[in-house]
Every structure is written in structure tokens, then in C-alpha cells.
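# Summary of structural features
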Amino acid sequence: MDYEVSYGAMDPVFNDRNQFSSFYSFVPYQIHRPVSYGAMDPVFSDRHRFPSFYRTVPNEIHEARAIARLLKHFGWTWVGILISDEESGRRAGEELEREISNSGGCVAFLQRLRKSWDIEQEQISKTISVSSVNVVIVHCSKAYMYSGLLDQLQGLPTLVWITTAVTSHLKDFINGPTMNIFSGALEFSIPKGQITGLADFLYSVNPLHFLDNSMVLWLWILTFDCSPDLLNTTFAYKYGFPHCTGSETMRDVEPLLYDAYNFYITYSVHTAVYAVAHALHNMISSKASSGHPSGRESLEKDFQPWQLHHYMRDLHFKTTSGDEIYFDDLGDPPTHFHIFNWHYLDWGNSTRIKVGSFHRSPSGEEQLNIDDRAILWHPDFKQIIPTSVCSESCPPGYRKVPIKEKHICCYDCTFCSEGEITNKSDMANCLACPEDQWSNQKRDACIPRVIEFLAYEDQLGVALTSITSFFSLLTAGVLGVFIKYRKTPLVKANNRDLSYILLLSLLLSFLCCLLFIGRPSKTSCLLRQTAFGIIFTIAVSSVLAKTITVIIAFNATKPGSKLRKWVNPRVSRLLVLFCSLGEVVICTVWLLRSAPFPDIDTRSETGKMILQCNEGSVAAFFAVVAYMGFLALLSFVVASIARKLPATFNEAQFITFSMLVFCSVWVSFIPAYLSTKGRYMVAVEIFAILTSSAGLLGCIFIPKVYIILLRPEHNTKVYLMGRQGTL
């Protein structure tokens, strides 16, 4: 059985395996060939339609990914695409558009190149001229479609052209007028390799050695402008070509025009032939090693063409250039592209310089290597690297805002809101700063928030601490006076035990203010409101007990009164205990169900982090205040009733005024407390505590201290019994 490998037969008749069971072809569009040297269309990767298709050129899908990686490398997000108006061109355009979109770029336009160049060519040139793109990708395998395009490119803005591997024909159409347009272009190309003996053979070609090969004869005419004596053609004589001397060789041709080492397709053909040869060799060796006869007749009898597929699939060898050749599950070889840069030369020629490569490993890892310094861009570009974007880059501190009904690459830049930043260019969303940080003025970095609380070192903290200390010392002094003069008539007459309880509770109330100053902690948050509420309730309960005691004492002096048994210090103490017990219950429920805790407020003031105590339950807090207010109001009402009683030692008027001060302070406290934030909210509560406590101290005890210390002659039983006023 003879195996025949064709490099040019495209006739479908060769698909008949009954007539041509051992026929193989390398022509790109012969879909039943085992190995293709030029078909890059991804449609051939469909193993259902083409189960035995292999190729020695990369899949176009990987080339699209390579181009997308190249665009991302240079920051080109706004590009145009020109494709040939055919099925393979449309598939390539869709794949390019998909990969560019996946990498964050946008396609401004996708135009099709057609064979007829009239209205279409004008439309394409107009599209390019009005677009803001600076990069255009060309993918077209039909060479005849270029001529009209090149004529239309004259006078258009300077662009960076990127050509795919199937667009290699384009360089053959570039001449003097259009050469400068493509200066700086980037070209993707399949790799070339050394073919042993090919260069020497090509340089030794002579028409005398190929008498029947008209291609060689015509090559001589077109290259040396002369006609070999053996070429007796009407065309040669008509145009007067002189006869060649016969001593011409292809070595004399400019290397830019004829480079025997630069045949890319030839290397792919060479690789394809060797792939089939290796597969056949492996198949024959396998049969021979299993004991099968290796003669020609035995091979024709035992081997079937379909058996070659198994050995093609498991193929793995190295070419003469050292390249590894194998095929994956889709029949694709290792993906490798070279990237060239076109340079326009002053004397009317151009050259290509390799500036990078793209490689895809069997595991799927992709690697793009670009030497930016080796690239020479078109001289019209003033930047080091040309730019191609729809919108200018949004600097740090700004975010991208899409423009309605436009590509995602077209956007506006909006300054980030307070508390948000962008620390990189072209970010789609602003990042919220951590809770303990805030955005700076440029919105490009988070800075620590200013920590705020009512500290002892602050001027406000120093002032409140000083006032608290003063009133605490004053209260302690008054308590000391009352203890020292406890046996005097004035102290005895004003319910000594209740006075002690009231003064001690006022002292503790003043000291409670210190719990509100300083950095909030778990302990201080638990104690500040509950301790103040209970202690202040004891003070108000003492005032209420004092007032009720005055009423009971007045009515007990009447003949036959049954209230005499209630004129007892123990009754007043029980009254204080009973009234205070209600506040204790409220505070206990508060602590058990929703206790206060240290908290951070980052919303009240811009750029600040306020350390505060979260009350846990606002309702419980106001219940504590409301209970104190109820007792104070009750004391005020009772004192108002008793203030005109003509009893000796009646202090109801002083209690009435003190309760008026107390109620006024706490009524105004509620709106002030709710309207302030941060340390000023704490200061408002401290001020309310100090004011109301000072009101009780001043109204009830200061007049008595004045008599005890400055008017001792009035602190006698005789004097007090003779008075009918109030003290």
C-alpha cells in the first residue's frame, strides 16, 4: 500500500476513501487531511466533525488571546478590527472581540473587507477617520482584499496596526506610498525553523536544472528582469526582456526580498510531512515488534488508513530546529507565536525585527514576552508608547462612571465620596475605608480617624473636672460641718439622719461625673448611668422624705392626732429606701437585658471616631431619668403644699425652690442631650448632674451652714422656738 501526501490537491474527489484510501493532503481547506500546515480556523478543533484532524500551526483562538494580552500589556482598551468578509474571518472577528472584552477592552468598530471596493472601502476609511482609536487589528487571509484598502488609508490619522498570522500577505502589497503608514506595526507570525539543506538548495536553483518547471522560469523573469533562453514565451518577447546570462543565482538577490531562511509556511509543511512520517514509522514499528511481517504486501493487507489516527494522536518528536511537536486532544500543536515590529527605511524598503513572543504551555499557562525598548513606533506618535483609549484614565481618588448607551471603556470620572478611596487608576468602584480610618482630601488613601472623647486633658474635660472637684469638696465640707455640729438645735431640727443621707448622696452624685470623663471602658459604661441614677434617686428620695416629714410633724402637733406615731426617723429612712428601690429595679433590669457597652461612632462627625458608651437600651435610660423626674415632681408638689405651714423649722420653701431648679435642669436636658453628639453630649449630661446637685446643695444646706458658721447666736433652741419663719 502506497501512502501519498499532497501539498496542493484541493479537489473533493480525493475525499473518496474507496478510490484513494491512502491519499493525504496538506492543503489548508481540505478538511479530511490528517495534518494541515496552514489551517488556523478553530472550527477544525471540533472533534465530532473532524475527529482525525491535526495541524502544525497554532489555533486562532490562542492567537486571539495573545492579541488580547498584547493590548492589555500596552494599556490599549479602545481598538478597531478589520476582517475578511468570509465565514472564517467572521469567526476570527467574534473570537477577537470576545477575548478583548474578557480582558477589559472594547472594540470600537468591526469592519469587513470585501472583494468589491466602491462604497465599502469609503465606509471603512470614514469609520477609521472619525473613530478615536489608535490601534487597528487586521485579520484577512484573502490577499486581493488589501489593494483597495491600502489606497483608502492615504491621509488617515496615524495608527498602530496589528496583523495576525493569516494576514502575512499584507506585506507583499505594501509599497512606497503605503509603506510609511504601516511603520511601527506589530505582526503575529507562526515560528520559523531551520530545514537542513533547504537554503543551499534554493540558492542553487537555476532554470537549467528545472526545464519543465515554469515557476522557476517566471521567477527568473520577475527577479532578474531577463528571460532565460529556455523560456520561449510570448510574454517575454512582447515586453522585450533581455536574455539571461545563466550565471545568475538567488544569492545575488537582496535578502529582504528573498531570504531562504525565512520561509514560515515551508517550515510548517516540513513539520507536517515529518509528523506523518513519524506516525507511519511508529505504526510500522509497532506492527513489526508484535511479530507481523513487514513486507510491502503484508503492510497493504494489514494496515488501514484510519489506523494512522492513533499514532498521530500519540506523536511526540523534535524537529531539526529543536522544536517539540505533539498534538493535544483537539489536534493542535504547541502554541507559539513570534511578534515582529515593522520598520520603515528611508530608502524605500521596510524590515521586520522580532520584539516578542507568545507561548502557551500544555497546562494552559500563557506567557507573553515583549521587549518594549526594541519597538520603534511611527514617528508621528509623540508618546513613548502610543495610547488608545476611549476615555482618559481616572486617577486615584476617582472612579469610573459608565456613560449610558456607550461601551464600558467610555466613561466619566467621579470623585469618591467621603470615607471612600481609590488607590489605583481606572477603578470601577471606590473602596470604603476601615472603620477606624477615613479618606484624605485627595481620596487616594485612608488615614487614621481623629479619636474623640471627653478626655481629662481637654479644656472642656479640665473645666468639668475642676467644677466636679470643687462641688465634691464643698459637699464634703458641708457634711463635715453637719457632723461636727450634729448636736446643735439646727441640725437636730432638720432631720439629722436624712441630712446625712442627702449630703452623702450629693457627694457621690458629684463624683459620678468623673465616670463620664476619660476613655470609655466596659466598667465605666456599666456604672456611669446606673450609679448616677441610683445615687441621685436616693438624693431626691431624701428630699421627698424631708418634705413629707415636715407635713407629718405639723399635723402631729394637733390635739388628738394619730400621726404622732409616724414622727419617727425610722419612717423617713424606710421612705428613702422604698423610693430608691424602684430605681434599683429599673437599673437591674437594664443591666440584665441590655447593658451599656463601649462603642465607636463613625457617622456623627466627618473624619472622626467618637469613643462613647452605647446605652444599650435608650428606653431604659429615659426610664431612669423619668423615675427621678417623677420623684422630683412629687417632691416639688408636696413641698409647695407645705411651704406655707407655720411650723417651726419648716424648710419646705427651700425644698420647693431646689426642686424647681432640679426639674428645670432635667426638662431642658432632654432636648439638649438628643441634639448633641460625641463629647458634647457627655458634657451636657455632666452639666445637668452638676447643676441639679448644686441646686439641692445650695438651696437646702447653704443657708444652714451660714447660720451654723457665721450666725451661731441663731443656732439655739430659744431662738429657733421663737421663729415662725423658715430656715
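Starting from 1, residues in each chain are numbered consecutively following that chain's sequence as written. For a predicted model such as this one, the threshold for reporting local features is a pLDDT of at least 70, and the threshold for listing and counting side-chain atom pairs is 80 or more; totals across whole chains, interfaces and linings nevertheless cover every residue. Hydrogens are left out, water is left out, and the side-chain values use all remaining heavy atoms of the structure.

## Observations regarding the overall build of the protein
- A run of H or I in DSSP becomes a helix once it reaches four residues, and a run of E becomes a strand once it reaches two; helices and strands are each numbered from the N terminus. When helices and strands are tallied, the protein shows 21 helices and 23 strands.
- Taken over 727 residues, the protein has a buried fraction of 46%.
- For this analysis, residues touch if any pair of their heavy atoms sits within 4.5 Å. For the protein, contacts bridging at least 24 residues in sequence account for 64% of all contacts bridging at least 6.
- Computed with the Shrake-Rupley method and a 1.4 Å probe, the accessible areas treat only the protein chains shown as cover for residues. Counting only carbon and sulfur atoms, one obtains 58% of the accessible surface of the protein, whose full area is about 36,700 Å². Under the scheme applied here, a residue whose accessible area is under 20% of the maximum for its type counts as buried, over 50% as exposed, and between as partly exposed, the area being computed with a 1.4 Å probe on protein chains only.

## Thoughts on the pattern of salt bridges
- Salt bridges are defined by distance alone: a side-chain nitrogen of Lys or Arg within 4 Å of a carboxyl oxygen of Asp or Glu. Per the stated rule, a full pass over the model turns up 16 salt bridges.
- The shortest N-O distance in the salt bridge between aspartate 85 and arginine 112 comes to 3.8 Å. Here aspartate 85 is found in the loop between β5 (78-84) and α2 (87-102), whereas its partner arginine 112 is found in strand β6 (residues 106-113), with 27 residues between them in sequence.
- Glutamate 87 is the salt-bridge partner of arginine 91, the closest N and O atoms lying 2.7 Å from each other.

## Observations regarding the sheet that holds strand β23 (residues 608-614)
- What makes two strands pair is DSSP finding at least two bridges between them. The strand order across the open sheet formed by 3 strands is β21-β23-β22, and the pairing between neighbours is mixed. With one partner strand each, in any of the chains shown, β21 (450-452) and β22 (597-601) form the two edges of the open sheet. Within this sheet the neighbouring strands show an average axis-to-axis angle of 25 degrees, counted without direction.
- With 5 bridges connecting them, β22 and β23 associate as antiparallel partners. Bridge assignment links aspartate 601 to a residue of β23, and that residue is isoleucine 610. Simply put, an axis is a line fit to the C-alpha atoms, just over the touching stretch for a helix, and the angle between two N-to-C directions goes from 0 to 180 degrees.

## Quick notes on unusual backbone geometry
- Phi at glutamate 405 takes a positive value of approximately 65 degrees, unusual for a residue other than glycine.
- Secondary-structure assignment places glutamate 405 in the loop between β15 (398-402) and β16 (411-415).
- Even without a glycine there, the phi angle at aspartate 426 is positive, about 60 degrees.
- Relative to the elements of secondary structure, aspartate 426 occurs in the loop between β17 (420-421) and β18 (431-432).

## Topic: the pairing of strand β14 (residues 366-370)
- Here strand β13 (residues 350-360) pairs with β14 via 5 bridges, running antiparallel. Counterpart to phenylalanine 358 in the pairing with β14 is leucine 368.
- Where β13 hands over to β14, the hairpin turn is made up of 5 residues, of which glycine 364 adopts a positive phi near 100 degrees.

## Re the packing of aromatic side chains
- Two rings from Phe, Tyr or Trp (for Trp, the six-membered ring) form a pair when their centres are within 6.5 Å of each other. A pair whose planes differ by under 30 degrees is stacked, one over 60 is edge-to-face, and the rest are tilted. Summed over all chains, the structure comprises 21 aromatic pairs.
- Both rings, one in tyrosine 398 and one in phenylalanine 415, keep their centres 5.2 Å apart while their planes meet at 55 degrees; by these two values the pair is tilted. Placement of the pair is tyrosine 398 in strand β15 and phenylalanine 415 in strand β16, with a sequence separation of 17 residues.
- Overall, phenylalanine 415 belongs to the partly exposed group, its relative accessible area being 35%.
- When the ring of phenylalanine 621 is compared with that of phenylalanine 622, the centres are 5.1 Å apart and the planes differ by 70 degrees; the resulting orientation is edge-to-face.
- We call a charge positioned above a ring when the Lys NZ or Arg CZ atom is no farther than 6 Å from the ring centre and deviates by at most 35 degrees from the ring normal. The positively charged end of arginine 47 is found above the aromatic ring belonging to tyrosine 54, 5.4 Å away from the centroid.
- The ring of phenylalanine 340 has arginine 352 lying over it, and the distance from NZ or CZ to the ring centre is 4.6 Å.

## Points about the packing of helix α15 (residues 496-516) against helix α20 (residues 679-710)
- In contact at an axis separation of 10 Å, α15 and α20 are set at 160 degrees when each is read in the N-to-C sense. The angle between α15 and α20 falls in the class roughly antiparallel. Once α15 is placed against α20, the crossing between them reads as left-handed. Residues Ser499, Leu502, Leu503, Leu506, Ser509, Phe510, Cys513 and Phe516 of α15 form the contact with α20, whose own contacting residues are Val682, Glu685, Ile686, Ile689, Leu690, Ser693, Ala694, Leu696, Leu697, Ile700 and Phe701.
- Considering only residue class, the contact of α15 with α20 consists of 15 nonpolar, 3 polar and 1 charged. If an angle is under 35 degrees, it is roughly parallel; if it is over 145, roughly antiparallel; if it lies from 65 to 115, roughly perpendicular; otherwise it is oblique. Here a crossing is called left-handed whenever its near helix is offset anticlockwise from the far helix by less than a right angle, and right-handed whenever the offset is clockwise. Under the scheme applied here, ten amino acids are nonpolar (Ala, Val, Leu, Ile, Met, Phe, Trp, Tyr, Cys and Pro), four are charged (Asp, Glu, Lys and Arg), and all others, including Gly, are polar.

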